Amino acid sequence: MLWDPTFQSWSQLGVTGQPAGILMNRHGQITDQWRGAIPQQRVLETVEAL
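Summary of the structure given here. From a predicted model like this one, the values you see are computed outputs, not experimental measurements. (Residues numbered from 1 in each chain as written. Predicted model: local features only at pLDDT ≥ 70, side-chain atom pairs only at ≥ 80, totals over all residues. Heavy atoms only, no water.)

**Here we look at unusual backbone geometry**
- Along the chain, Gln 18 connects to Pro 19 via a cis peptide bond; the corresponding omega equals -10 degrees.
- Following the sequence through the fold, Pro 19 ends up in the loop between helix H1 (8-13) and strand S1 (20-24).
- Look at Phe 7: it is not a glycine, yet its phi comes out positive at around 65 degrees.
- Looking at the element boundaries, Phe 7 is found in the segment before H1.
- The exposure class assigned to Phe 7 is partly exposed, which follows from its relative accessible area of 42%. (Helix = DSSP H or I, 4+ residues; strand = E, 2+ residues; numbered from the N terminus. Buried < 20%, exposed > 50% of the residue type's maximum accessible area, 1.4 Å probe, protein only.)

By themselves these figures say nothing about function.
As structure tokens, this is what we get:
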């Protein structure tokens, strides 16, 4: 979870609105991202595949 009250990380991560989610691996590489409600099954499947 990242809280950035300055919103500077938004442009670096490609976030254009809320809610948004970005799933990263342990090396900081983006493995999945989405806008809107958290797709629970998709997140679980992505984490299991890592």
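Right, picking up where we left off after that structure.
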